[in-house]
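# Observations on the model geometry
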Amino acid sequence: MTMRGLLVLAGISLAGWPITTGAQVAAPPTAQQPQPPAATAPAPPLPKVVLFATGGTISNKVGGRLTVDELIASLTNLPRYVRAEGVQFDNTSSSAMTLVQWLDLSRQINARLRADKDLAGVVVTSGTDTLEELAYFLHLTVRDERPVVVVGSMRNPSTLGYEGAANLEDGFRAAADPQSRGMGTVVVLNDEINGAREVTKTDALNLNTFQTRAFGILGVVDPSGVAYYRKPTRRHSAHSEFDVEAIKALPRVDVVMTYQGATGDVVKAMVDLGAKGIVMGTAGAGALSGDQGTGTRYATEKSVWTVTTTRAGTGRIAPPGPGRGGTNFRLAGDNLTPIKARVLLMLALATSSDGVELQRMFREY
């Protein structure tokens, strides 16, 4: 028998397929059916950030100030990072804002954070002249873990080299970043993140004016993202006791600088004009000059609190230990600058009149 016959008897065709009989029909193997592509999960929504615009150089172009909507629209890359919304709180210089407006701004930010749990954070534009004061006030009164980022610019939108748009975009990115939770209020300019408690304006014109002299920056914002290197350790934001809903007005607190031959009658005049507290920016670690001592003694007689700070820019006026309060209506301002000590003293006096409690606040905040 031939090889062909043997293969047929074995049930194998020359093509290598089994030979079928009867109703069976030989068929080649079917190709594997293509599978539909796997469904991809929808991308998570971008974080939502609200901008409260108050004005300042960042919006002060020649011919009229930029509105909050114009500021947001100018950031063409912003939709890559956040869903931005805007609130036009004011549009003026920072030095023109009143303490009543400070309270109102903090109330509005607190209300927005309470009402919108999807909100990642808040950005506030401010003029740079008093930006550090507003930032510290918000640091103490916005009682939420989500960040408040204060931004500004040294050049206006009509000036060559305007850096406001870059600062604002960095501010949005910092507010949207989960790492910013728990940082309180921070100040973002020139790609740097500084803490509201310690940052200060150090130059009248330089772009790199906002610095934290003794301690350095908290972090940076660069093309790769947001990076933090340290955290604020003093009490603030979500852990603050200062409730702006319960504060109807901030008491008058003035600042007096020590200089050669300074007179105490300035302090007396402040007391007579209604000051409830006075911050002394003393020379060195607490030295007064001239007859300033007569003025502070007069304040004590009138039950007006004085806080000792240093005019040096850095350095600590050490407060007494826990359980010990200010004596003779005098408090130690720790390492707060005179203008930062004024912010804390206003809130402290609006909350308590007890010396132990007031000094505790200067130890904790």
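Here, the structure is the one placed above.
Note that the structure is predicted; figures quoted are calculated from it, not measured. (Residues numbered from 1 in each chain as written. Predicted model: local features only at pLDDT ≥ 70, side-chain atom pairs only at ≥ 80, totals over all residues. Heavy atoms only, no water.)

## As for unusual backbone geometry
This is how it is decided: Only DSSP runs of H or I with at least four residues qualify as helices, and only runs of E with at least two residues qualify as strands; both kinds are numbered from the N terminus onward. The classification of residues rests on relative accessible area computed with a 1.4 Å probe and restricted to protein chains. Under 20% of the type maximum is buried, over 50% is exposed, and intermediate values are partly exposed.
Here Ser-237, not a glycine, exhibits a phi torsion of approximately 40°, which is positive. With respect to the helices and strands, Ser-237 occurs in the loop between strand 12 (225-228) and strand 13 (253-257). Taking the relative accessible area as the measure of exposure, Ser-237 reaches 3% and is therefore buried. Notably, Phe-329 is not glycine yet its phi reads approximately 60°, a positive angle. For Phe-329, the location among the structural elements is in the loop between strand 15 (305-310) and strand 16 (330-332).

## Describing the packing of helix 3 (residues 99-115) against helix 4 (residues 131-141)
As a reminder of what qualifies: Between the N-to-C directions of two axes lies an angle of 0 to 180 degrees, each axis being a line fitted to C-alpha atoms and, for a helix, fitted only over the stretch in contact. Any angle that is under 35 degrees is reported as roughly parallel, and any over 145 degrees as roughly antiparallel; angles of 65 to 115 degrees are reported as roughly perpendicular and all others as oblique. Two helices crossing with the near one rotated counterclockwise from the far one by less than a right angle form a left-handed crossing, whereas a clockwise rotation gives a right-handed crossing. Contacts are residue-level and defined by heavy atoms, with any inter-residue pair within 4.5 Å sufficient. Note on residue classes: Ala, Val, Leu, Ile, Met, Phe, Trp, Tyr, Cys and Pro are nonpolar, Asp, Glu, Lys and Arg are charged, and everything else, Gly too, is polar.
With their axes 10 Å apart at the nearest point, helix 3 and helix 4 run at an angle of 45° to one another. Classified by the interaxial angle, the pair formed by helix 3 and helix 4 is oblique. By crossing handedness, the relation of helix 3 to helix 4 is classed as right-handed. On the side of helix 3, the interface is formed by Trp-102, Leu-103, Leu-105, Ser-106, Ile-109 and Asn-110, while helix 4 contributes Glu-133, Leu-134, Phe-137, Leu-138 and Thr-141. Partitioning the contact of helix 3 with helix 4 into residue classes produces seven nonpolar, three polar and one charged.

## Re the sheet that holds strand 16
The test is simple: Strands qualify as paired when DSSP identifies two bridges or more between them.
Spatially, the four strands line up as an open sheet ordered 13-14-15-16, and their pairing is parallel. In the strand order of this sheet, the two ends are held by strand 13 and strand 16, each with one partner. The mean inter-strand angle of the sheet, taken between neighbouring strand axes irrespective of direction, is 25°. In the sheet, strand 13 pairs with strand 14 (residues 277-282) via five bridges, with the strands oriented parallel. Directly across from Val-256, in strand 14, lies its bridge partner Met-280. Seen against the sheet, helix 8 (residues 338-349) touches strand 13, strand 14, strand 15 and strand 16 and runs at an angle of roughly 160° to strand 14. Here helix 9 (residues 355-364) sits on the sheet and contacts strand 15 and strand 16; the angle it forms with strand 16, its principal contact strand, is near 20°.

## So, the side chain of Lys-340
Note the cut-off: Positive charges come from Lys and Arg, negative ones from Asp and Glu, while His and the chain ends are left out of the count. When a carboxyl oxygen of Asp or Glu lies within 4 Å of a side-chain nitrogen of Lys or Arg, that pair is called a salt bridge.
The topology assignment puts Lys-340 in helix 8. Despite its burial, Lys-340 pairs with no opposite charge; the closest candidate is Glu-132, at 4.5 Å N-O.

## Re the sheet that holds strand 6 (residues 148-151)
With respect to topology, eight strands assemble into an open sheet ordered 4-1-5-6-7-8-11-12, the strand pairing being mixed. Whereas interior strands pair on both sides, the edge strands pair on one side only; in this sheet they are strand 4 (83-92) and strand 12. For this sheet, the mean angle separating the axes of adjacent strands, direction not counted, is 25°. Where strand 5 (residues 119-125) and strand 6 come together, four bridges link them in parallel fashion. Of the residues in strand 6, the one forming a bridge with Thr-125 is Val-151. Sitting on the sheet, helix 5 (residues 164-176) is in contact with strand 1 (48-55), strand 4, strand 5, strand 6, strand 7 (185-189), strand 11 (219-222) and strand 12, with an inclination near 150° to strand 5.

## Things to note about the side chain of Arg-360
Counted only if it meets this: Polar contacts, as counted here, are pairs of nitrogen or oxygen atoms within 3.5 Å of one another; within protein the pair requires one atom able to donate a hydrogen and one able to accept it, and residues that are adjacent in sequence qualify only if both atoms are side-chain atoms.
Structurally, the position occupied by Arg-360 is in helix 9. In terms of polar contacts, Arg-360 uses its side chain to reach the side chain of Glu-364, at 2.8 Å.

## Looking at the pairing of strand 15
Defined as follows: With the strands pointing away from the viewer, any crossover whose connection runs clockwise from the first strand over the helix to the second is right-handed.
Here strand 15 lies mainly inside the structure; five of its six residues are buried. Running through helix 7 (residues 292-301), the crossover from strand 14 to the neighbouring parallel element strand 15 is right-handed. Inspection of the sheet shows strand 15 paired to strand 16 by three bridges, in the parallel sense. Bridge pairing in strand 16 links Thr-306 to Arg-330.

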